[in-house]
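Residue-level listing of the chains:
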Amino acid sequence: MTDKAIDILCIGEPLGEFNATRGEAGAFRFGLGGDTSNCAIAAARQGASVAYAGALGDDSAGRTFREAWAREGVDDSRVATHPSAPTGLYFVDHGPSGHVFSYLRAGSAASLYGPRDLPLDLIGSAKVVQASGISQAISASACDAVFEAFAVARANGVTTAYDTNLRLKLWPLARARAIINAACAMADIVLPGFDDATQLTGLSEPDAIADFYLGLGAKIVALTLGHEGSLVATPQRRERFVPIKVDAIDATGAGDCYDGAFLAEYVRTGDPFAAAAYANVAAALSTQGYGAVAPLPRRAEVEARMAVEARA
């Protein structure tokens, strides 16, 4: 770990990924996943300095994560290795309504993570601290760790960012709503997906959803709308961003890519609307390959496509 302050610290659960290959019954590609790890790698590929906080098992998947983070330039010096608990795993199937997730994560190393494990100095010196609903859903201790991380960040003037990322296989809606809304009330930047937000808020109009999260205290709401792009709102302004056309294969990591690209560009420019325009393109490009990490674009690719779109 260097003494230089990092741009983004992501907190959560890394997961080994088995992604079903279309056209090959029973065939899966192994990859790396976990929403906040995907976000960290996406941000690093845009040029941000990124670190990760969490825990891995002392196993093949855990070692693969460390190798990948090293290649991507994500600092893992504050990621613990648990001597007996495993790295969590998940499977992705592709059905008519989109991707379907199945998990093997009970008792994972990350689920044992708690407030005592947090790198408080790193939290206090980062520019942005990011976590998600999944970061909190995996256990009570992990849930408390996110609340503590956000409290430390805000006490030190560090921007907090939160993706609602609702997974009802992990917890019931009533509990998820209470915890996620409480976390959003501590977040400067809220990054909800539309489907999640309709369940969490009971609202169905994008503008009303944005108003809901602004009402909780967010300074910026970046609401992803799937095939319809995204909506970004601040108390003073809001703007819709239409999607670009791509040959989409797998949207597994698109939302996480949006988060990472948005935060990286926001740190670079300080402009949430420029960040949203950039993230909109990056997320679309990320759907052109299989898995959560492999197709995440790099800055040169995103900027090249933005230049093409500007000329169109």
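Placed above this text is the structure.
Reading the values: rules and limits
- Residues numbered from 1 in each chain as written.
- Predicted model: local features only at pLDDT ≥ 70, side-chain atom pairs only at ≥ 80, totals over all residues.
- Heavy atoms only, no water.
- Helix = DSSP H or I, 4+ residues; strand = E, 2+ residues; numbered from the N terminus.
- Rg over C-alpha atoms; globule rule 2.2 N^0.38 Å.
- Buried < 20%, exposed > 50% of the residue type's maximum accessible area, 1.4 Å probe, protein only.
- Contact = heavy atoms within 4.5 Å.
- Axes fitted to C-alpha atoms, helices over the stretch in contact; angles between N-to-C directions.
- Parallel < 35°, antiparallel > 145°, perpendicular 65-115°, else oblique.
- Nonpolar A, V, L, I, M, F, W, Y, C, P; charged D, E, K, R; others polar.
- Pairing = 2+ DSSP bridges.

**Describing the overall build of the protein chain**
Helix and strand counts for the protein chain come out as 11 helices and 13 strands. Relative to the 2.2 N^0.38 estimate, which gives 20 Å for 312 residues, the radius of gyration of the protein chain is 18 Å and therefore close to what a compact globule would have. Along the longest, intermediate and shortest principal axes, the C-alpha atoms of the protein chain span 55 × 50 × 40 Å. For the protein chain, the residues scored as buried account for 54% of the 312 residues in total. Partitioning the contacts of the protein chain with sequence separation of at least 6, the portion at a separation of at least 24 is 70%.

**Re the packing of helix α10 (residues 272–285) against helix α11 (residues 299–311)**
Following both chains from N to C, one finds α10 and α11 inclined at 110°, their axes separated by 9 Å at the closest point. Considered as vectors, α10 and α11 are oriented roughly perpendicular to each other. Along its contact with α10, which presents A277, Y278, V281, A282 and L285, the element α11 presents R299, E301, V302, E303, R305 and M306. Of the residues in the contact of α10 with α11, the class split is 7 nonpolar, no polar and 4 charged.

**Focus: the sheet that holds strand β8 (residues 128–132)**
Strand order in the open sheet made by the 9 strands is β5-β4-β1-β8-β9-β10-β11-β12-β13, with mixed pairing throughout. This sheet does not close on itself; its edge strands, each paired only once, are β5 (74–82) and β13 (238–241). Of the strand pairs in this sheet, strand β10 (residues 189–190) and strand β11 (residues 220–224) are connected by 2 bridges, and their pairing is parallel. What sits directly across from V190, in β11, is V221. Running over the sheet, helix α5 (residues 140–155) touches β1 (8–11), β8 and β9 (159–163) and is turned about 150° from β9.

Honestly, that's just the spatial picture; any functional story needs more than this.
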